[in-house]
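The primary structure of each chain is shown beneath.
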Amino acid sequence: MEQAQTSASVASMDWWRTLPDRSDFVRDRAVPIFRYLRRNRLMIIGLGAFAALGLFVGISYLFYSQVDLLGEEQGVNGLVRAASVQANQRPSWNPWSGFPLGTDVQGRDIYAAVVVGIPLSLRIGVIAAAIGVGVGMVLAFVAAYVGGVIDAVIRTIVDSLIPIPGLLVLVLVATSLNPGQGLTVDQLAFVIAVLAWPGPARVIRSQVLVIRERGYVEMARMSGTSALGIIFKEMMPNLAPYALASFVAATSGSILASIGVESLGLGPLDSPTLGSMIYWNIFTSSVLLGLWYWLLPPIIVLIVLFVGLFMISAGLDEVANPRLRRRV
Amino acid sequence: MFVVTIWMASTIVFFLPRLSGQNPLAEKIYQEAQQGGYQDPDVAERVRVFEEKYGFDKPLWQQYVKFVVDVVQFDLGRSIFQWPKSVNEILAEKIMWTLVMGLLTLVLAFLIGSAMGALLEWRRNNWGLMVAMAPILAISAVPFFIFGLVLQLIVFNIDREFPLVYGFKQGVVGWPDWSDWEFIASVLKHAILPALSITLVSLGGWAMGMRGMMVTTKGEDYMVQAEAKGLPDRVMLTKYAIRNSLLPQVTGLTLALGLIVSGVVLVEIVFGYPGVGGQLLQAVRSNDYPTTQGIVFVLAFGTAAATLALDLMYPLLDPRIKSDGT
């Protein structure tokens with residue numbers, strides 16, 4: 001443990017003294033990051049879970065070609081069709097029948113649905129989180145930098161939005177935007193982004209307040225750097241771990257929200273996202289029908305996804321708060 | 001802050017459903033008018049009368065002012081689809097289920113989770129605890145209702161007789177009857193799965209938070225002093241370490257409330273529990289503004305009120321904070 005600690009400080013600050021004097025991207029950035037990652041177990045497990053999901057999807061896209069029953073399209077399009085179009089099958093599970101995970105109540109290929117659903121659900125999470133963290137960050141900088149009345153207004157809005165149960169508002173938004181037909185995947189992402197910003201805004205604002213008082217920012221200010229220069233050159237790099245951590249947390253939260261909204265039947269019911277698979281499961285009460293092989297795949301994927309995101313964000317926390325590093 | 005939250009909630013709740021540009025009242029009346037196969041010549045007139053009754057004929061800002069004034073007095077209007085029931089009546093039937101389920105699981109998870117977290121850090125090398133914690137931590141990232149589905153799957157395959165859905169046994173004449181012991185037993189039995197799915201999932205978060213705080217607390221000077229005084233281990237744990245670590249947990253509680261309410265609503269839907277969750281789903285599907293508004297508003301109000309209550313309790317828990325500030 002002691003050993004690891006000293007090598008940590010070496011890796012982060014003085015490691016270059018041990019190397020020949022040559023600046024090189026791999027040595028400057030990649031090696032220390034790699035060395036650090038080796039000790040950040042949470043991050044490794046989380047990234048590993050993601051890599052596994054990515055490999056699963058990628059390999060399936062390449063090699064799993066389920067020609068839809070109409071025989072119209074093969075390859076990637078065929079996969080998407082197989083995931084959403086009925087294959088004139090009864091719900092059944094027989095791995096040797098050409099459907100490795102069986103078929104659901106509407107005769108769709110469950111394997112294809114999972115493969116297509118993972119990127120779709122991730123896409124919702126990433127779009128919503130990117131918008132949320134982006135907006136949150138701008139608000140945080142404005143609030144912490146301008147201060148005064150504007151800070152008070154932003155803080156009040158953020159603080160009073162946080163106790164409102166988000167899912168309920170999202171349900172209202174989702175129903176009012178497009179009642180009946182359901183939303184598309186991207187629309188759902190935007191709906192979820194509506195409530196994805198208060199959390200990041202709050203976290204980043206408090207960090208900006210801390211960093212603003214640091215010596216190097218003071219130094220930059222005294223040497224006449226403009227406000228924007230300070231924000232982008234001095235503060236952003238030091239905020240990056242926090243921003244990344246809140247981005248990962250926001251992604252997880254957004255996927256959670258999307259699954260929630262979709263499970264109420266308000267999402268894109270035609271697209272085989274993981275959430276709409278869950279919805280159809282609840283809708284047809286598949287548990288009582290004994291269709292466990294339909295319910296289990298999306299649940300397992302979701303568990304891997306959420307646990308992976310959780311571990312990555314915990315790992316990033318460790319990067320952001322070096323105090324946490326000592327006790328693993 | 002509380003007032004702003006309530007105002008925001010009521011504003012959101014008022015405007016969002018109206019963005020859809022649908023007229024559920026007219027839809028409902030036209031639908032009913034067609035049901036008998038007999039064309040009522042006065043349908044348009046009937047729609048007009050009802051719109052007047054609901055105030056839908058007035059300009060939007062007047063509706064808004066009236067809505068806010070009404071809501072402040074807890075008058076949530078009448079349901080459109082369950083006319084002539086008022087939203088308050090609908091809520092009165094359902095809210096207790098949600099409230100009891102939510103509070104019970106919240107308190108259970110908070111207490112057990114905090115205790116586990118505290119012990120985890122206090123007895124650092126206790127293998128039993130660590131083994132018990134591993135699965136709890138793993139599922140803590142999973143949404144309540146997804147875990148609920150997993151529980152349903154498992155229980156269904158072990159015991160087909162065990163109740164998976166509904167709040168009590170369906171199809172018994174005279175139920176719900178709270179003076180009947182059999183009914184209460186049935187309610188308790190049906191509550192086990194939803195309660196478990198909420199409690200087990202939330203345990204991990206509280207345990208981790210508590211453990212993190214215990215680490216900091218253990219390093220404080222007063223802990224060294226307590227040890228030097230020769231205080232028994234138990235006193236040090238309960239009166240010194242836990243007492244001081246619990247404060248940030250309470251702050252965490254105020255932040256988590258909104259998420260927990262959302263989670264409970266979903267769990268209710270998965271388990272067909274007779275709380276407001278199912279009612280909300282039904283209201284949303286049928287475009288029943290007043291009911292949707294009422295449910296969302298009451299839940300938001302409850303969460304905000306609980307947050308306020310916790311904020312007010314804070315000085316009691318932490319004597320250093322005097323409530324002279326905000």
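Worth saying up front: this structure is predicted, and the values here are computed from it rather than measured.

(A) Spotlight on the confidence of the model for chain A. All names here are of chain A. Here chain A averages 76 in pLDDT, and 74% of its residues register 70 or above. Per-residue pLDDT, averaged within each element of chain A, yields its smallest value for helix α1 (residues 2-14) (49) and its largest for helix α5 (residues 110-146) (88). Ignoring residues within four places in sequence, the model shows residues 1-10, a span with pLDDT below 50, making 7 contacts including any to other chains.

(B) Highlighting a nonpolar patch on the surface. Nonpolar side chains collect at one region of the surface, where Met96, Leu99, Val100, Leu103, Leu104, Val107, Leu108, Leu111 and Ile112 of chain B lie side by side and expose about 810 Å² of accessible area between them. Tracing the backbone through its elements, the reader meets Val107 of chain B in helix α5 (residues 87-122).

(C) Summary view of the packing of aromatic side chains. For the coordinates displayed, the defined rule picks out 7 aromatic pairs over all chains. Aromatic side chains Tyr279 of chain A and Phe283 of chain A sit 5.4 Å apart centroid to centroid with 35° between the ring planes, which places their arrangement in the tilted category. With Tyr279 of chain A and Phe283 of chain A both in helix α12 (residues 274-283) and 4 residues apart, the pair spans about one turn of that helix. The exposure class of Phe283 of chain A is exposed, given its relative accessible area of 51%. On the basis of an interplanar angle of 85° and a centroid distance of 5.6 Å, the ring pair of Trp97 of chain B and Tyr273 of chain B is categorised as edge-to-face. On the criterion of sequence distance, the pair formed by Trp97 of chain B in helix α5 and Tyr273 of chain B in the loop between α10 (233-270) and α11 (276-285) is long-range, its members being 176 residues apart.

(D) How the structure looks around the nonpolar core. In this structure, Ile278 and Leu302 of chain A together with Phe145, Ile146 and Trp206 of chain B are the most contacted members of the largest nonpolar core, which totals 134 residues. Looking at which domains feed residues into this core, each of domain 1 (2-72) and domain 2 (94-317) of chain B gives three or more. Not counting residues within four places of it along the chain, the set of residues in contact with Ile146 of chain B comprises Ile259, Ile278, Ile299 and Leu302 of chain A. In this structure, Val217, Ala220, Ile230 and Ile231 of chain A belong to the second largest nonpolar core, which totals 16 residues.

(E) Up close: the interface of chain B and chain A. Contact with chain B, which involves 45 residues of that partner, is made by 42 residues of chain A. Taken over both partners, the interface formed by chain B and chain A buries close to 3,900 Å², and the fraction arising from carbon and sulfur atoms is 84%. Where chain B packs against chain A, one counts 1 residue pair in polar contact (both at pLDDT 80 or more). For the side of chain B that touches chain A, the elements supplying multiple residues, two or more each, are α1 (2-18), α7 (144-158), α10, α11 and α12 (289-317) of chain B.

(F) Representation of the packing of α5 of chain A against helix α11 (residues 227-263) of chain A within the structure. All names here are of chain A. Put simply, α5 and α11 touch, their axes get as near as 6 Å, and they point 140° apart. With respect to their mutual orientation, α5 and α11 come out oblique. Crossing angle aside, the handedness with which α5 passes α11 is right-handed. Residues that form the contact of α5 with α11 fall into these classes: 20 nonpolar, 6 polar and 1 charged.

What counts as what
Residues numbered from 1 in each chain as written. Chains lettered and ligands numbered in written order. Predicted model: local features only at pLDDT ≥ 70, side-chain atom pairs only at ≥ 80, totals over all residues. Heavy atoms only, no water. pLDDT = per-residue confidence, 0-100. Helix = DSSP H or I, 4+ residues; strand = E, 2+ residues; numbered from the N terminus. Contact = heavy atoms within 4.5 Å. Patch = residues over 30% accessible without salt bridge, like charges linked within 9 Å, V, L, I, M, F, W, Y side chains within 5 Å. Areas by Shrake-Rupley, 256 points an atom, 1.4 Å probe, with all protein chains shown as cover. Salt bridge = Lys/Arg side-chain N within 4 Å of Asp/Glu carboxyl O. Phe/Tyr/Trp six-rings, centres within 6.5 Å; stacked < 30°, edge-to-face > 60°. Buried < 20%, exposed > 50% of the residue type's maximum accessible area, 1.4 Å probe, protein only. Core = buried A, V, L, I, M, F, W, Y, C linked by side-chain atoms within 4.5 Å. Domains from an automatic or database assignment. Buried area = accessible area lost by both parts, 1.4 Å probe. Polar contact = N/O pair within 3.5 Å; in protein donor to acceptor, adjacent residues only side chain to side chain. Axes fitted to C-alpha atoms, helices over the stretch in contact; angles between N-to-C directions. Parallel < 35°, antiparallel > 145°, perpendicular 65-115°, else oblique. Left-handed = near helix turned anticlockwise from the far one by under 90°. Nonpolar A, V, L, I, M, F, W, Y, C, P; charged D, E, K, R; others polar.

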